[in-house]
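# Summary of the model geometry
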Amino acid sequence: MQLGKGKKEAPLEKTEIVEIFSSAASSGDFEGKKILVIVPDTTRSAPMNELFPIFFDSVNRLVRKIDVMIALGTHPEMPEDQILRHLGIPEADRSTNYADVRFFNHQWKNKDDLASIGAISEDEMEEISRGLLREKVEVTINKKIFDYDVLVIIGPTFPHEVVGFSGGNKYFFPGISGKEMIDSFHWLGALITNPVINGTKYTPVREVIDRAAAMIPREKRCFSLVVKNHRVHGIYFGAPEEAFSAAADLSRELNIVFKKQPFQKVLSCAPEMYSDLWTAGKCMYKIEPVVADGGELIIYAPHIKQVSQTHGAEIEKIGYHVRDYFVKQWEKFRHVGGGVLAHSTHVRGIGKFKKGKELPRIQVTLATQIPEEICRKINLGYRDPKTINVEEWVNREDEGILYVPEAGEILYRLENDPFRH
């Protein structure tokens, strides 16, 4: 680790943040270089509107060129005015201080934007996955990286359902990678299952991502952020692997809540930054471990109108099911992308599939604007959000009822965790 600072008890002061970015700028990593800054979209609650201008002011005088790419993965593109707001750039500054900066959306479907940088062999994938997956994976990435000397990640590290903790090289894969890589490691995470992998620092999926990132023929640096309640508690700078490691340690302390007993009913409220179920599924992923067997989790999101802007049609065809529903009928579903299958199993949760009958561990119900007939079609429960009085859910944990007001980034686990034994 070259430098960094984190505080569990309080957010970093602005002076501390400025000092970290200034010290990084003085490290010699950026001087005279063309740099591509890779940042998350608005589905991650980091105050990029505060941080990016500080970073830009720190390095702009040193670098030959600076551009920005939004690490969308498979999320929808952001128009430039939204990108500017996200990054804290006033419109008046677009044509002055930021006149030479280009802003790119990663386009995962556009093969002309991608380049192959290698492959993970069948044998290597089998070894990394501990025998769960045996397939060769072509490693593709946005080819704009070749126009730059240094790739700079600025993004948060949270507990994550697919990789264990987000951050670090995950901003390359799936952030700016192609479909094959995205599908492969998402399905691997689904095979391991969310309750097992979420909140684990080093996982087979992280190993796959780091292996792929090692193929990138450019210098890589990372500002790995630790965020809680939209406030920055830590910034660690260095190689992506090192910065991620330090950030994950602090994120574990700040972003995992332990409960003594499981809950029969959970109201998991989605913040506005999740615009569809594809992103609001995190309201299930982060809470699933504390829902009792046979219990119900309600994703309460009155603002959500669709399953997925990008993958909706595909999801409506296959629905939401437990992992073994797909594994034991693989010939029927092998044509479906691993990313979509993984999302399906993560939202539905763990369970069994025996003698043609699906046996989910818990009930997952949507309280959104998605119509009841669609909810039934995709194998989820339905509840009219107008029938829910949020106040009736508050302060009832001793009754086995849990209210999570802003779900999606804080992981809930049991102190005596049955999924980790």
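Anything mentioned here points back to the structure above.
Notes on the structure in this doc start here. Numbers given for residues are sequential positions, taken from 1 along each chain in its written order. Two thresholds apply to this predicted model, a pLDDT of at least 70 for residue-level local features and 80 or more for giving and counting side-chain atom pairs, whereas whole-chain, interface and lining totals are computed over all residues. With hydrogens and water excluded, all non-hydrogen atoms of the structure serve as input to the side-chain values.

## Remarks on the sheet that holds strand S3 (residues 65-70)
- Reading across from one edge, S1-S11-S10-S7-S2-S3-S4 is the order of the 7 strands in this open sheet, with mixed pairing throughout. Lying at the two open borders of the sheet, with one neighbouring strand each, are strand S1 (3-6) and strand S4 (103-105). Going from strand to strand, the sheet's axes swing by 20° on average, the running direction of each strand aside.
- Two strands pair if DSSP finds at least two bridges between them. Under the DSSP-based scheme used, a helix requires at least four consecutive residues in state H or I and a strand at least two consecutive residues in state E, with every element numbered from the N terminus. Both strand S2 (residues 34-39) and S3 contribute to a ladder of 6 bridges, which runs parallel. Bridge pairing in S3 links Ile38 to Met69. Interaxial angle, 0 to 180 degrees, is taken between N-to-C directions of lines fitted to C-alpha atoms, where a helix line uses only the stretch in contact.

## What about the sheet that holds strand S13 (residues 263-269)?
- On the basis of which strands lie adjacent, the open sheet formed by 5 strands has the order S18-S17-S14-S13-S19 and parallel pairing. A strand with exactly one partner marks an edge of an open sheet, and here the two such strands are strand S18 (381-382) and strand S19 (401-404).

## Considerations on the environment of His303
- Relative to the assigned elements, His303 resides in the loop between strand S14 (291-300) and helix H12 (312-318).
- What His303 contacts, discounting residues up to four positions off in sequence, is Ala270, Pro271, Glu272, Tyr274 and Gln369. In what follows, a contact means two residues having at least one pair of non-hydrogen atoms within 4.5 Å.

## Quick word on the packing of helix H6 (residues 179-192) against helix H8 (residues 204-213)
- Where H6 meets H8, the axes come as close as 9 Å, and the angle between the chain directions of the two elements is 160°. Looking at the two axes, H6 sits roughly antiparallel to H8. Crossing geometry of H6 relative to H8 is assigned as right-handed. For the pair formed by H6 and H8, the contact residues are Met181, Phe185, Leu188, Gly189 and Ile192 on the first element and Pro204, Val205, Val208, Ile209 and Ala212 on the second.
- When the residues that make up the contact of H6 with H8 are grouped by side-chain class, the tally is 9 nonpolar, 1 polar and no charged. In these notes the angle categories are as follows: under 35 degrees is roughly parallel, over 145 is roughly antiparallel, 65 to 115 is roughly perpendicular, and the rest is oblique. Here a crossing is taken to be left-handed if its near helix is turned anticlockwise relative to the far helix by less than a right angle, and right-handed if that turn runs clockwise. Note on residue classes: Ala, Val, Leu, Ile, Met, Phe, Trp, Tyr, Cys and Pro are nonpolar, Asp, Glu, Lys and Arg are charged, and everything else, Gly too, is polar.

## Considerations on unusual backbone geometry
- Note the cis peptide between Phe173 and Pro174, where omega equals 15°.
- The phi torsion at Arg130 lies on the positive side, around 55°, for a residue other than glycine.
- With respect to the helices and strands, the residue Arg130 is situated in the loop between helix H5 (122-128) and strand S6 (137-142).
- For every residue, the accessible area obtained with a 1.4 Å probe (protein chains only) is divided by the maximum for its type, and the residue is called buried under 20%, exposed over 50%, and partly exposed between those limits. Residue Arg130 is classed as exposed on the basis of its relative accessible area of 55%.
- You will see that Asn229, though not glycine, has its phi angle at about 55°, which is positive.
- Structurally, the position occupied by Asn229 is in the loop between strand S10 (219-228) and strand S11 (231-238).

By themselves, these observations are geometric and do not establish any function.
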